[in-house]
Amino acid sequence: MKTELTISTGAIDAAALAKCREMGKGMGAVICFSGVVREIEGDAPITAINYEAHEEMARHQFALIFDTVEKSWPVESVRLVHRLGVVPVNEPSLWVEVTAPHRAEAFDACRFVIDEMKQKVPIWKKPIPA
């Protein structure tokens, strides 16, 4: 399984990422997920979220998550981009792409990656009040 992980302060350009997609023969499903900063965190309005990470440990945890995906689903590739720093409302802070032969395993693997990331990857968010 191919994996690509980007942890960066740069904006996420989903269209550019899609243009770089490589798919093997027999792949029939591409699931793309964008996690976008919403204007409410809890009950409070915000203007942005400041993301911080222990980057070395984050990369290690992502590698473990990707290893589990490879063992659990017939997935060809997982690409993930997570932004750090200040991400304004309505901009993506997370982008995940999973390529697989069929939609069911692509959806399941994508959900697994996101759920595990939220539980295990040391990336913290600090809302910036409006």
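Residues numbered from 1 in each chain as written. Predicted model: local features only at pLDDT ≥ 70, side-chain atom pairs only at ≥ 80, totals over all residues. Heavy atoms only, no water.

**Here's the deal with the packing of aromatic side chains**
Think of a pair of aromatic rings as described by two things: how far the centres are apart, and how the planes are tilted against each other in angle.
Next up, step 1: According to the stated counting rule, one finds two aromatic pairs in the structure shown.
Next up, step 2: When the centroid spacing of 6.1 Å and the interplanar angle of 25° are considered together, the rings of Phe-62 and Phe-66 count as stacked. Of the two residues, Phe-62 and Phe-66 are both situated in helix H2 (residues 55–72); the distance of four residues between them amounts to about one turn of the helix. Across the pair, Phe-66 and Phe-62 agree in class, each one buried.
Next up, step 3: The interplanar angle of 55° and the centroid separation of 5.4 Å between the aromatic rings of Trp-73 and Phe-112 together place this pair among those described as tilted. Here Trp-73 is found in the loop between H2 and strand S5 (77–83), whereas its partner Phe-112 is found in helix H3 (residues 103–120), with 39 residues between them in sequence. (Phe/Tyr/Trp six-rings, centres within 6.5 Å; stacked < 30°, edge-to-face > 60°. Helix = DSSP H or I, 4+ residues; strand = E, 2+ residues; numbered from the N terminus. Buried < 20%, exposed > 50% of the residue type's maximum accessible area, 1.4 Å probe, protein only.)

**Overview of the environment of Pro-129**
Next up, step 1: Tracing the chain through its elements places Pro-129 in strand S8 (residues 123–129).
Next up, step 2: Judged by its relative accessible area of 63%, Pro-129 falls in the exposed class.
Next up, step 3: In this structure Pro-129 touches Pro-45, Ile-46 and Thr-47, once residues within four positions along its chain are discounted. (Contact = heavy atoms within 4.5 Å.)

**Overview of the sheet that holds strand S7 (residues 92–100)**
Next up, step 1: Pairing is mixed across the open sheet formed by four strands, whose spatial order is S1-S5-S7-S2. Every interior strand has two partners, whereas the edge strands, strand S1 (2–8) and strand S2 (29–36), have only one. In this sheet, adjacent strand axes meet at a mean angle of 5° when their direction is disregarded.
Next up, step 2: Looking at chain direction, S1 and S5 are connected through seven bridges and run parallel. (Pairing = 2+ DSSP bridges. Axes fitted to C-alpha atoms, helices over the stretch in contact; angles between N-to-C directions.)

Treat this as a map of the structure, not an account of what it does.
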